[in-house]
Amino acid sequence: MKFSVFNGMPYGRVNVPGHRWPVPNQYFDPAQAKRAVANCLTEVELEDELGFDWIACAEHHYSPFNLAPNVAVLASALTQRVKRAKIAILGALIPLTGNPVRVAEEFAMIDNLSGGRLIAGLLRGAPYEYMVYNVNPKESRSRFEEAWDLIYRAWTDTLPFGWEGRHFHYRHVSIWPRPIQQPTPPIYMSGSSKESGEFAARKRVGLGLAFTNLPLAAEAARYYRAKCAEHGWQPTPEQIIYQLPVHVGETDEAAHAAVRPMYEHSALTGGIVDANRLVATAGFFGQGDAKLIARFSDLEADEPRSVAEAIDRGTVLCGGPRSVVAQVKRLRDEIGCGVLNLIFDRSGAPDKKLRSIELFAKEVMPEARGL
Amino acid sequence: MSVAILDKIAEIDGHSIAYREAGAGRTIVFLHGAGGAPPRGAAFMSLLGERHHVVLPSRPGFDDTPVGPCRTLRDVVATMAKFIDQVAGGKVHLVAQSAGAAIGCWLAVLHPERIESLVLSAPAAFAPHRALAAAPPDTATIARRLYGDHPLWAAPPTEAEGRCIADNARINLDRFAAPEGNGDLLVRLGEITVPTLLLCASADPMIPEAAMRPYQEAIASCIRIVMHSAAHELPIAEGGAWVKLVSDFVDRGEYFLVNMD
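All of these numbers come straight from a predicted model, not from anything done at the bench. (Residues numbered from 1 in each chain as written. Chains lettered and ligands numbered in written order. Predicted model: local features only at pLDDT ≥ 70, side-chain atom pairs only at ≥ 80, totals over all residues. Heavy atoms only, no water.)

Student: Kindly report on the overall build of chain A, identifying the contributing residues and their values.
Tutor: Along the backbone of chain A there are 13 helices and 11 strands. Taking 21 Å as the expected radius of gyration for a compact globule of 371 residues, we find that chain A reaches 20 Å, a close match to that expectation. The dimensions of chain A, computed from C-alpha atoms along their principal axes, are 60 × 50 × 40 Å. The proportion of buried residues among the 371 residues of chain A is 57%. Pairs at least 24 residues apart make up 74% of the contacts formed inside chain A by residues separated by at least 6 positions. Carbon and sulfur atoms make up 53% of the accessible area of chain A, which amounts to about 15,400 Å² in all. (Helix = DSSP H or I, 4+ residues; strand = E, 2+ residues; numbered from the N terminus. Rg over C-alpha atoms; globule rule 2.2 N^0.38 Å. Buried < 20%, exposed > 50% of the residue type's maximum accessible area, 1.4 Å probe, protein only. Contact = heavy atoms within 4.5 Å. Areas by Shrake-Rupley, 256 points an atom, 1.4 Å probe, with all protein chains shown as cover.)

Quick look at the structure:
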C-alpha cells in the first residue's frame, strides 16, 4: 500500500456571507495567501521527510479550497522542495484547457525538474469546473479523449506531427523536453463513470477515484478491472487510487471530536452544489451513469451527517492509529486500491493537522504498508 | 455551390484512360486507392472543385479503364505521367490516397518537373499487402473500416459501386503488387524534393502507424498531420476537414504551417 498526501495549497478560512461559488475574490487577503503558500511548502517538506510516497496536487478553480488553477506552477515549486517522494499531479483538467500540447509540455518539464518523479493525472474534472472556462459539458467526453490522445502522442511520437481533430488543431508539434520517464510517466485518469473506466482500461492506464464513496468506488473499480480483462491485462493495486480526507488523533474520541463540526455543518457551499447540479444534468455524464447524475443533482443529500456515517461510507479515515489502520484495510479489501490520496485538513486547526500527518506517518503507515 | 463532375476519356498512346473532371484553378490530380475511383456520392471532389481544377483518373485495370499494355506498377507510372501532360499541360498537385501512394511517390521521384506538390493521404506503399487485400468480413464492417462513423456523402454508395470497389481491389492489388513491399521505392524516397503533406488516420485499421514513418523519415520536405479518430479513406471519412487541409496546402505552399485565419 502506498500513501499520497494531497496538498492543493488551501487558502484557509474565508468569511464569505452566504454559500457562494465562485467565491468572490474581494475576500482575497494577500497576507493570508502568503501564509498559505508558506504553509504548503513547509508541509510538503515535512511530508516528504516523514516518508509519504507521493505528494499530490490538483487543478481547481475559483475557490480558496485550492490555490492551484494552474497545477503545473504548483507542481514545479514542489519539485524543488520535495526531494524523495513522487510529485503526483492529480490532475490537470484536460478538457478545459484549449491547449493540450501546453499540458504535455508542462508535465514533461515537471518530470525533468523532478528527475523523473512525476505521476501524471489527466482528468475530466468535477462537473462544476465546466462553468470556469465556459466549456459545454456535453463536449467533455470527446474533448477529454482527444486531448488525452494528443498529450500521449506529444510525449511519445519522436517525429514532428500536426494534429487535426474535432476540438484541437496544430500544424507542428515536437515538444522539448520529452518526459524523463520513458515512454511516459505513470498515467492516471478519473474513473467514477463507466465510460471513464472503459477508456482507462482501453488505454492501459491507472484509475483515480475521488469525491465518491466506498460502495461507488468499489463498483467503479470492479467495472474497471473487468474492462481491463476484456482488453487483455490486469491493473496492479498501485494503478487504483482512492482519495479521501483523513484525521488521525491520539484516540478515536479525540479524532472524532476534531472533525465532528465538519459533519454538523456541510463542507459544501450551496453555490458549488448548484453548479454541480446544473452541469451534471446538462450532459456531463453518459447514459449509463444514472447513479452519478442523481448523486451530483443533490450532493448535499449525499453528505454523511456524522463522523460514524462518514467512516462507514468510506468518505473519511478518522480515529486513533489502530482504528485508521483497520479502515485502510477495509478500503484496500473492498476497492482493491493500492494508493490512498489523503487530504489532511479536515479538522480546520493547523496544529491538529500537523499532528495528524505525523501520527499517520509514524503509526499508521508502518502497519498499513504491507496490506 | 455544387460543382459539376464530368466523365471524360483521355487517349494515351491508344490506351483509353477514363477520368472525372471538376472545377477550375490549380490542377489537382487525385490518385485513387485499391478500390478504384471513389463512389460518385463522395462529396470531396465537388468540394475541392469549388476552388481547384480536379482530375480523377481511373488507372489502368480499374473501373472503366482497360489494363491495356500496363503490366507492372512502373508501366502505370509511365502512363500516368503522360496522362498528366495531356490533361494538365503543366505542373500539378498530386493527391494520392492509400494504394495510390506508390504511384504518387514514383511520379515525384521520376518526374519531379511535372509535380508542384504531393499529398499522401493514408498512404499504403509500405503497408502489409495482406492488410489491404484481405477479404472484408461483411459490407458493414468494410464500410466502417474505410469510412468511419461520419462519412461525408452527397449520396450514399450504391450496391453496384460496392461490388466495383471490391472487384477493383481483388484484381489489381495482386496484379500490380510491388516486389518486396516497394523496397525499390523505399530506397529512392529521399529523392522526393517537392513539398509533401502526409495525412495519417489515427483510427485506421488497415495501415499501421509504423508504415507511415518511412515517408517522413526520408522526405526532407514532408509535413505529417494526424487526423484524430479518422478511418482509412480520409477524403470520405473526414470529408470537410480533409478538403480544407488539402486546399490549404495546395493554395499556400510553405505558408500552410502558419495560421493566417
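Let us keep going from here.
Student: A description of the state of the cysteines should follow, citing residues and the corresponding values.
Tutor: Tallied over the full model, the rule gives 0 disulfides over all chains. Considering cysteine sulfurs only, C164 of chain B is the nearest to C70 of chain B, which forms no disulfide, with 18 Å between them. (Disulfide = S-S within 2.5 Å.)

Student: Got a sec to walk through the nonpolar core? Specific residues and values, please.
Tutor: Among the nonpolar cores identified, the biggest contains 84 residues, and F52, I335, L340 and F360 of chain A are the most heavily contacted of them. Here I335 of chain A is in contact with L209, L214, A217, A218, A221, R225, I240 and Y242 of chain A, once residues within four sequence places are set aside. Core analysis: the second largest hydrophobic core is formed by 82 residues, I28, I192, W242 and V243 of chain B among them. (Core = buried A, V, L, I, M, F, W, Y, C linked by side-chain atoms within 4.5 Å.)

Student: Run through the side chain of R143 of chain A, naming residues and quoting values.
Tutor: All names here are of chain A. If you trace the backbone, R143 turns up in helix α4 (residues 140-156). As a buried residue without a salt bridge, R143 has its nearest oppositely charged side chain in E139, at a separation of 4.1 Å. Excluding its chain neighbours within four sequence positions, the residues that come into contact with R143 are P95, L96, T97, G98, V135, H167 and F168. (Lys, Arg positive; Asp, Glu negative; His and termini not counted. Salt bridge = Lys/Arg side-chain N within 4 Å of Asp/Glu carboxyl O.)

Student: Run through the interface of chain A and chain B, naming residues and quoting values.
Tutor: Many analyses report the size of an interface as the accessible area lost when the parts associate. Between chain A and chain B, the contact holds 16 residues from the first and 16 residues from the second. Around 1,400 Å² of area is buried between chain A and chain B when both sides are counted, 51% of it from carbon and sulfur atoms. Among the residues of chain A in contact with chain B, L159, E164 and R171 of chain A are the three that bury the most area, contributing 50% of the side total. In this structure, the connection of chain A to chain B is made through 3 salt bridges. R153 of chain A serves as the salt-bridge partner of E209 of chain B, at 2.6 Å between the closest nitrogen and oxygen. Viewed at the interface, chain B and chain A are joined by 13 residue pairs in polar contact (both at pLDDT 80 or more). (Buried area = accessible area lost by both parts, 1.4 Å probe. Polar contact = N/O pair within 3.5 Å; in protein donor to acceptor, adjacent residues only side chain to side chain.)

Student: Quick rundown of a nonpolar patch on the surface? Include the residues and the values.
Tutor: Taken together, the side chains of Y255, L257, V258 and M260 of chain B make up a nonpolar region of the molecular surface, amounting to roughly 390 Å² of accessible area. Positionally, L257 of chain B belongs in the segment after α10 (239-252). (Patch = residues over 30% accessible without salt bridge, like charges linked within 9 Å, V, L, I, M, F, W, Y side chains within 5 Å.)

Student: Let's hear about the pairing of strand β2 (residues 15-22) of chain B: which residues, and what values?
Tutor: All names here are of chain B. With 7 of 8 residues buried, β2 is to be regarded as a mostly interior element. Where strand β1 (residues 5-12) lies against β2, 8 bridges are found, and the strand directions are antiparallel. In the strand pairing of β2, I12 is matched with H15. Counting the residues between successive antiparallel strands, the hairpin from β1 to β2 contains 2 residues, one of them, D13, with a positive phi of roughly 50°. (Pairing = 2+ DSSP bridges.)

Student: Can you tell me about the packing of aromatic side chains, naming the residues and giving the values?
Tutor: For any pair of aromatic rings, geometry is given as the distance between the ring centres together with the angle between the planes. Taken as a whole and judged by the stated rule, the model has 23 aromatic pairs over all chains. Where F285 of chain A meets F296 of chain A, the ring centres are 5.5 Å apart and the plane angle is 40°; that geometry is what we call tilted. You can see F285 of chain A sitting in the loop between α8 (270-284) and α9 (290-297) and its partner F296 of chain A sitting in helix α9, a full 11 residues away along the chain. In terms of burial, F285 of chain A and F296 of chain A fall into one category: buried. Where Y147 of chain B meets W153 of chain B, the ring centres are 4.9 Å apart and the plane angle is 80°; that geometry is what we call edge-to-face. Assessed through its relative accessible area of 21%, W153 of chain B is described here as partly exposed. Among the aromatic residues, ring-to-ring pairing joins F3, F52, F344 and F360 of chain A into one connected group. Here R124 of chain A stacks its cationic end above the ring of F284 of chain A, 4.0 Å away from the centre of that ring. Of note, R295 of chain A hangs over the ring of F296 of chain A, and the distance from its end group to the ring centre comes to 5.6 Å. (Phe/Tyr/Trp six-rings, centres within 6.5 Å; stacked < 30°, edge-to-face > 60°. Lys NZ or Arg CZ within 6 Å of the ring centre and 35° of its normal.)

Student: Can you lay out the sheet that holds strand β6 (residues 169-173) of chain A for me, pointing to particular residues and giving the numbers?
Tutor: Pairing in this open sheet of 10 strands is mixed, and the strands run β6(A)-β5(A)-β8(B)-β7(B)-β6(B)-β5(B)-β3(B)-β4(B)-β2(B)-β1(B) from one edge to the other. Bordering the open sheet on either side are β6 of chain A together with β1 of chain B, each of which pairs with just one other strand. Ignoring strand direction, the axes of neighbouring strands in this sheet form an average angle of 20°. Along the sheet face, α4 of chain A touches β5 (161-164) and β6 of chain A together with β8 (222-227) of chain B and points at about 175° away from the line of β5 of chain A. Docked against the sheet, helix α2 (residues 73-88) of chain B engages β1, β2, β3 (27-31), β4 (53-57) and β5 (92-97) of chain B, running at close to 120° with respect to β1 of chain B. (Axes fitted to C-alpha atoms, helices over the stretch in contact; angles between N-to-C directions.)

Student: Quick one: what's the story with the pairing of strand β8 (residues 206-209) of chain A, residue by residue and with numbers?
Tutor: All names here are of chain A. Here β8 shows no split at all, with G206 and G208 on one side and L207 and L209 on the other all buried. Taking the sense of rotation as the criterion, the β-α-β connection linking strand β7 (residues 187-190), helix α5 (residues 194-203) and β8 turns out right-handed. Where β8 lies against strand β9 (residues 240-248), 3 bridges are found, and the strand directions are parallel. Pairing of G208 across the sheet is with I241, part of β9. (Right-handed = clockwise from strand over helix to strand, strands pointing away.)

Student: Describe in detail the pattern of salt bridges, supporting the description with residues and values.
Tutor: The final tally for this structure, using the stated rule, is 35 salt bridges over all chains. Of the charged contacts, one joins R213 of chain B and E217 of chain B as a salt bridge, the two residues approaching to 3.3 Å between their closest N and O atoms. Pair noted here: R213 of chain B and E217 of chain B are both in helix α8 (residues 213-218), with a separation of 4 residues, about one helical turn. With a relative accessible area of 30%, R213 of chain B lands in the partly exposed category. Judged by its relative accessible area of 52%, E217 of chain B is exposed. When salt bridges with common partners are traced through the structure, they connect R153 and D157 of chain A together with E209 and R224 of chain B into a single cluster.

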